[in-house]
Amino acid sequence: MQTWTVVRFLHIVGITFFVGGQLLLAGAVAPVLRTRGDDLAMRQIARRFGIGSVVALALAVATGIAMASHFSLWSSDILQAKLLVLVVVGVLTTLHILSPRSRPVSYGVVAGSLVVLWLGVKLTYG
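This text gives an overview of the structure that appears in the document. (Residues numbered from 1 in each chain as written. Predicted model: local features only at pLDDT ≥ 70, side-chain atom pairs only at ≥ 80, totals over all residues. Heavy atoms only, no water.)

The subject of this paragraph is the packing of aromatic side chains. Applying the stated criterion across every chain yields a total of two aromatic pairs. On the numbers, 5.9 Å between centres and 65° between planes, the contact of Trp4 with Phe71 is edge-to-face. Placement of the pair is Trp4 in helix 1 (residues 3-36) and Phe71 in the loop between helix 2 (39-70) and helix 3 (77-98), with a sequence separation of 67 residues. Judged by relative accessible area, which is 26%, Trp4 ranks as partly exposed. Their ring planes at 20° and their centres at 5.6 Å tell us that Phe17 and Phe49 sit as a pair that is stacked. (Phe/Tyr/Trp six-rings, centres within 6.5 Å; stacked < 30°, edge-to-face > 60°. Helix = DSSP H or I, 4+ residues; strand = E, 2+ residues; numbered from the N terminus. Buried < 20%, exposed > 50% of the residue type's maximum accessible area, 1.4 Å probe, protein only.)

Bringing the pattern of salt bridges into the picture now. What the rule picks out here adds up to one salt bridge. For Asp39, the salt bridge goes to Arg101, with nearest N and O atoms at 2.9 Å. One end of the pair, Asp39, is in helix 2; the other, Arg101, is in the loop between helix 3 and helix 4 (103-125), with 62 residues separating them in the sequence. (Salt bridge = Lys/Arg side-chain N within 4 Å of Asp/Glu carboxyl O.)

Time to look at a nonpolar patch on the surface. Together, Leu23, Leu114, Leu117, Val121 and Tyr125 make up an exposed nonpolar region whose accessible area comes to about 480 Å². Note on placement: Tyr125 falls in helix 4. Residue class for Tyr125 comes out exposed when judged on its relative accessible area of 71%. (Patch = residues over 30% accessible without salt bridge, like charges linked within 9 Å, V, L, I, M, F, W, Y side chains within 5 Å. Areas by Shrake-Rupley, 256 points an atom, 1.4 Å probe, with all protein chains shown as cover.)

What follows concerns the side chain of His11. Mapped onto the fold, His11 is located in helix 1. Its relative accessible area of 11% is what places His11 among the buried residues. Setting aside residues up to four positions removed in sequence, His11 forms contacts with Ala60, Thr63, Gly64, Met67 and Lys82. (Contact = heavy atoms within 4.5 Å.)

If you look at the biggest cluster of nonpolar residues, it comprises nine residues: Ile15, Phe18, Val19, Ala60, Val85, Val89, Val109, Val116 and Leu119. Among the secondary structure elements, those contributing two or more residues to this core are helix 1, helix 3 and helix 4. Here Val116 is in contact with Lys82, Val85, Leu86 and Val89, once residues within four sequence places are set aside. Ranked by size, the runner-up nonpolar core spans five residues in total, among them Leu25, Leu33, Ala41 and Phe49. (Core = buried A, V, L, I, M, F, W, Y, C linked by side-chain atoms within 4.5 Å.)

For the rest of this paragraph, the subject is helix 3. Between the first and last C-alpha of helix 3 there are 32 Å, a value that for 22 residues agrees with the 32 Å anticipated at 1.5 Å per step. Along helix 3, the positions that sit buried rather than exposed are Leu79, Lys82, Val85 and Val89. One side of helix 3 carries all its buried residues, which in axial view fall inside an arc of 120°. Helix 3 presents Asp77, Leu84, Val87 and Leu98 as exposed residues on the side facing more than 90 degrees away from its buried surface. Residues of helix 3 that are buried sit in contact with helix 1, helix 2 and helix 4. Its side-chain oxygen 3.2 Å from the backbone nitrogen of Ile78, Ser76 forms the N-cap of helix 3. (Expected span 1.5 Å × (residues − 1). Arc of directions from axis to C-beta. Polar contact = N/O pair within 3.5 Å; in protein donor to acceptor, adjacent residues only side chain to side chain.)

With a phi angle near 50°, Ser72 is a residue other than glycine that sits in the positive phi range. Residue placement: Ser72 occurs in the loop between helix 2 and helix 3. Given a relative accessible area of 60%, Ser72 falls into the exposed group.

Purely geometric stuff here, so don't read any function into it on its own.
So this is what it looks like as structure tokens:
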């Protein structure tokens, strides 16, 4: 197995956890717990997901940097757009941590993450 296949695989695993977890939380977990009024469970789930997200995002960033360097992608307009949106997602995530009940911010994080994912696919397949 080639090293860069493993690096790409790890990048996809990190992104899958980060974006997939957001979709699961926004689409299934949060609506059910909100209906039940179970704030404690939501905080516990969010805390656990937050820890996993930090690890997943660190993995995705580290492997992304490695791939951008190896494949000489730093001058790519698509990569630059992806990095810009990733910064916006980081800012929105910080706002979400500070005001976790703000649905527009939560949905902004999910939407931004999907844009990052879209740009990653576009970067890979042109």
